[in-house]
Amino acid sequence: MRIGLVLPEAPQYSETFFNYKIKGLRASGFNVIVFSNKKKKGKNYFKSVSSFPVDGSKKVKQFFLFTAVIFYTFISSPLSAKKLFLLERKDGRSFYKSLKTIYLNAHILRYKLDWLHFGFATMALKRENTAKAIGAKMGVSFRGYDINIYPLKHPDSYKKIWDNVDKVHTISDYLYYKALKLGLPGNKPFKKITPAIDISLFKLKGDLGKIHVPLRILTVGRLNWIKDYETSIYAMKDLNAKGIDFIYKIIGDGKEFERLKFAVYQSGLGDKIIFSGRAAHSQINNLMNESDIYLQTSLQEGFCVSVLEAQAAGLLCVVSDAEGLKENVVDGSTGWIVNRRDPEAFANKIVEVINLPGDKRKEIALNARKRVETDFKIEDQELKFVNFFTE
């Protein structure tokens, strides 16, 4: 079976979800091609095809490239190009916008596929008819940004996707039910496949449940607003006021770095809150083994692989009540859930965890590890994706 996976760019170091998905499909004998907007430097273990560039700052060059690509596509892939053009016109798009759609999809139109699967719903925008044009089935995955954020600025933007998609994949119940509210028909086939991890890569801590002095707290994730690092920073300020000695490490990079660094400066905790930058995925387990508590204060989460990994490592996880996290952590059994945007509540919960008997903390950590081993195995995820495309 031939599957085209459409992503913004070829999977990066932190995108374990897509890397596992591609490797699992390939291991099951599927031919997988990744279509992306950006070229990835270095060698890939999969075939990667990038789209033609769009550069509004070089109008003359863009015009000639546009013309050449359109001409070449109609010559090399006449049936799929013509069909896409007619489908776009039928949907009410202008002559020029229909040609523009062909340009944006030219790197896909020359391939014969059984499935064209969009790794994010937003990647299917302006490509709603592409699968039909090449005679493939259309699949779409829901991620947190697709369902929680993008529709706020662009209401009803997914209508054509809902009309054309053959099957949808969701990483959590929450995202699926919210998609229904956004117009996804209830009769569309869907499958829930949560993120999963390779448990062999995460060695269980040798000092389960132990609290060190200073307390070692860790967060792994991109530095962007939806992770709500301000709440974690203010929670640290509350911890400090309560006389708790701690070191809080934040692993990751992103465009919010300067603002967050300034927030730490204002808090006066520059010696206790450390931005360690991006780390290779192979280093994450060691960082987790050196920590006591994993903290995730996100405003929204589709699910969050980092929290799964922290539980696998035996960290004591304190997370927000962001919808996907409530499916990730079982409150009071595999970790603790705290109301969003409440630094004091996070600080109080951390103090509560510190004051628990050591045996109770160890029990919670073992519960978390066992649940990951049972419910979030990478082998099960791989099988579910095979079934997604074959059932």
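For the structure, see preceding data.
Now for a quick tour of the structure. (Residues numbered from 1 in each chain as written. Predicted model: local features only at pLDDT ≥ 70, side-chain atom pairs only at ≥ 80, totals over all residues. Heavy atoms only, no water.)

1. Overview of the nonpolar core
What counts, and what does not: Throughout, nonpolar core names a set of buried Ala, Val, Leu, Ile, Met, Phe, Trp, Tyr and Cys residues whose side chains join them through atoms within 4.5 Å. Under the scheme applied here, a residue whose accessible area is under 20% of the maximum for its type counts as buried, over 50% as exposed, and between as partly exposed, the area being computed with a 1.4 Å probe on protein chains only. A run of H or I in DSSP becomes a helix once it reaches four residues, and a run of E becomes a strand once it reaches two; helices and strands are each numbered from the N terminus. Two residues qualify as a contact provided that any one of their heavy atoms is within 4.5 Å of a heavy atom in the partner residue.
Among the nonpolar cores identified, the biggest contains 89 residues, and Phe35, Val140, Phe142, Met288 and Tyr294 are the most heavily contacted of them. For this core, the element with the highest residue contribution is helix α4 (residues 95–109), accounting for seven residues. If we skip the residues at most four places from it in the chain, Tyr294 touches Leu218, Thr219, Val220, Met288, Ser306, Val307, Ala310, Leu315, Leu316, Cys317 and Val318.

2. Description of the packing of helix α9 (residues 229–241) against helix α14 (residues 343–355)
What counts, and what does not: Lines fitted to C-alpha atoms define the axes, with helix axes restricted to the stretch in contact, and inter-axis angles between N-to-C directions lie between 0 and 180 degrees. For classification purposes, an angle smaller than 35 degrees is called roughly parallel, one larger than 145 roughly antiparallel, one from 65 to 115 roughly perpendicular, and anything else oblique. Each helix crossing is assigned a hand: it is left-handed if the near helix lies turned anticlockwise from the far helix by less than a right angle, otherwise right-handed if that turn is clockwise.
Remark: α9 packs on α14, axes separated minimally by 8 Å, with the N-to-C direction vectors making an angle of 55°. In terms of their interaxial angle, α9 and α14 are classed as oblique. Viewed along their axes, α9 and α14 form a crossing whose handedness is right-handed. Within the contact between the two elements, α9 uses Thr231, Tyr234, Ala235, Met236, Asp238 and Leu239 and α14 uses Pro343, Glu344, Phe346, Ala347, Ile350 and Val351.

3. Details of the packing of aromatic side chains
Test applied: Aromatic rings from Phe, Tyr and Trp, with only the six-membered ring used for Trp, were paired whenever their centres fell within 6.5 Å, and each pair was classed as stacked if the ring planes differed by under 30 degrees, edge-to-face if by over 60, and tilted otherwise. Any Lys NZ or Arg CZ that is within 6 Å of a ring centre and within 35 degrees of that ring's normal is treated as a charge sitting over the ring.
Overall, the coordinates contain 18 aromatic pairs when judged by the stated rule. A ring pair is formed by Tyr150 and Tyr158, whose centres lie 6.0 Å apart and whose planes are at 15°; its orientation type is stacked. Tyr158 matches Tyr150 in its accessibility class, with the two residues each being buried. Aromatic side chains Tyr176 and Tyr177 sit 5.4 Å apart centroid to centroid with 65° between the ring planes, which places their arrangement in the edge-to-face category. For Tyr176, a relative accessible area of 5% puts it in the buried group. Three or more aromatic residues link up through ring pairs in this structure, and these residues are Phe142, Tyr145, Tyr150, Tyr158 and Trp162. For Lys272, the ring lying beneath its charged end belongs to Phe246, and the centroid distance is 5.4 Å.

4. Points about the pairing of strand β1 (residues 2–9)
The condition is simple: One requirement defines pairing of two strands: DSSP has to find at least two bridges between them.
Where β1 and strand β2 (residues 31–38) come together, seven bridges link them in parallel fashion. In the strand pairing of β2, Gly4 is matched with Ile33. Note that β1 and strand β4 (residues 115–118) share four bridges and pair parallel. Counted as the bridge partner of Ile3 is Trp115 from β4.

5. A few points about a nonpolar patch on the surface
Our working definition: Candidates for patches are residues over 30% relative accessible area with no salt bridge; among them, like charges are joined within 9 Å and nonpolar side chains (Val, Leu, Ile, Met, Phe, Trp, Tyr) within 5 Å. The method behind every accessible area is Shrake-Rupley, applied with a 1.4 Å probe, and residues are considered shielded solely by the protein chains displayed. What counts as a salt bridge is simple: a side-chain nitrogen of Lys or Arg found within 4 Å of a carboxyl oxygen of Asp or Glu.
A surface patch of nonpolar side chains, about 360 Å² in accessible area, is lined by Val60, Phe63 and Phe64. Of note, Phe63 is situated in helix α2 (residues 59–76).

6. What about the pattern of salt bridges?
Enumeration over the complete set of coordinates arrives at 20 salt bridges. Note that Arg340 is salt-bridged to Asp321, the shortest N-O span being 2.8 Å. You can see Arg340 sitting in the loop between β13 (336–338) and α14 and its partner Asp321 sitting in the loop between β12 (316–320) and α13 (325–328), a full 19 residues away along the chain. Residue Arg340 is classed as partly exposed on the basis of its relative accessible area of 26%. Residues Glu373 and Arg369 are paired through a salt bridge, measuring 3.0 Å at the closest nitrogen-oxygen approach. Of this pair, Glu373 and Arg369 are both found in helix α15 (residues 358–375), four residues apart, which corresponds to roughly one turn of the helix. Salt bridges sharing common partners tie together Glu88, Arg93 and Glu128.

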